[in-house]
Amino acid sequence: MGAAHDGSGHGGLGRFTRWLKASRAPREAPVDPDREALLLAAAAAGLPLAPAAHPADYRCSCNRIGCPTPGRHPISFAWQTQSTTDRGQIERWARHQPQANFVTATGLVHDVLDVPLAAGQEALERLLTSGIDVGPVAESGGDRMLFFTATRGTPADEDEWWPCELDCHPETMDEHPGLRWHCRGSYVLVPPARLPGDRAVTWLRGPEHPLPDPLTLLEALTDACARHTGADEPDYTSAWP
């Protein structure tokens, strides 16, 4: 006897298989309606953007087993040359990849000073109370704070330049709880971004704030990191790429 049919030209087994596949498909979070506007605002402020991975249930959209930085890394290996502030390109990416996070490449226009959340909160209050100009600031994942600054670029004296990949990588980020200086060759997620566990990257101070010289923030940040990490001398030479 032939298999029962569901009226669509497929057997009952095929219908069950299709239902089973659909039930196993990753459930995506709703798209943020303000996402595109926030991305374009970051680009208009000069932050070059490139598409990044995003959470897919409890995994990373890259489908790499054991991905060490789920939802935090660029999609393309060519992210440094791909990064752009072009409005049209960012609109196309945002609309064709509605779940994607975005990274901003540092060391081109801006650097990022990346500190533990408690240290960042203390330093931000101290800086604002002192009347020091603070640029854009983001909270990342509920445990880090990102201070966006003008880039140091490539100083004439290379001894003054600290490569981000010196001694901290995604797999070892928990071993380096102090300040990380994202500069040439590095990147950070730009708001709005989603992370596994319903965490996010959001602006505390938006990209409309001018980028300050990083050295004007460094003392307050390193002092706060020393108190909150228990380090005698915070290591601000490291960042994950």
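Up top is the structure.
Since the model is a prediction, treat every value here as computed from it, not as a measurement.

Enquirer: I'm lost on unusual backbone geometry in this one. Help?
Expert: Leaving glycine out, the prevailing phi sign among residues is negative, and the prevailing peptide bond configuration is trans. With omega at -5°, the peptide bond leading from proline 191 into proline 192 counts as cis. Residue placement: proline 192 occurs in the loop between strand E9 (187–189) and strand E10 (193–195). For asparagine 63, which is not glycine, the phi torsion reads 65° and is therefore positive. Inspection of the secondary structure assignment puts asparagine 63 in the loop between strand E3 (59–60) and helix H3 (79–82). With a phi angle near 60°, aspartate 198 is a residue other than glycine that sits in the positive phi range. With respect to the element layout, aspartate 198 can be found in the loop between E10 and strand E11 (199–205).

Enquirer: Would you explain the state of the cysteines in this entry?
Expert: What is meant by a disulfide is a covalent connection between two cysteines, made through their sulfur atoms. A complete count under the given rule lists 0 disulfides for this structure. This cysteine, cysteine 67, is not joined by any disulfide, and cysteine 62 carries the nearest cysteine sulfur, 3.9 Å off. Looking at cysteine 67, the relative accessible area reads 13%, which means it is buried.

Enquirer: I keep staring at the pattern of salt bridges and nothing clicks. Help me out?
Expert: A side chain of one charge can pair with a side chain of the opposite charge if their charged atoms are brought near each other. Throughout the structure, instances matching the rule amount to 6 salt bridges. A salt bridge links glutamate 91 to arginine 95; the shortest N-O distance between them is 3.9 Å. Taken together, the residues glutamate 91 and arginine 95, both in helix H4 (residues 87–96) and 4 residues apart, mark about one turn of the helix. Two residues, arginine 126 and aspartate 223, come together in a salt bridge whose shortest N-O distance is 3.4 Å. Taken together, the positions of arginine 126 in helix H5 (residues 117–129) and aspartate 223 in helix H6 (residues 215–229) put the pair 97 residues apart, joining distant regions of the chain. If you follow the salt bridges from partner to partner, you end up with Glu36, Arg87, Glu91 and Arg95 in one network.

Cut-off values and rules
Residues numbered from 1 in each chain as written. Predicted model: local features only at pLDDT ≥ 70, side-chain atom pairs only at ≥ 80, totals over all residues. Heavy atoms only, no water. Helix = DSSP H or I, 4+ residues; strand = E, 2+ residues; numbered from the N terminus. Disulfide = S-S within 2.5 Å. Buried < 20%, exposed > 50% of the residue type's maximum accessible area, 1.4 Å probe, protein only. Salt bridge = Lys/Arg side-chain N within 4 Å of Asp/Glu carboxyl O.

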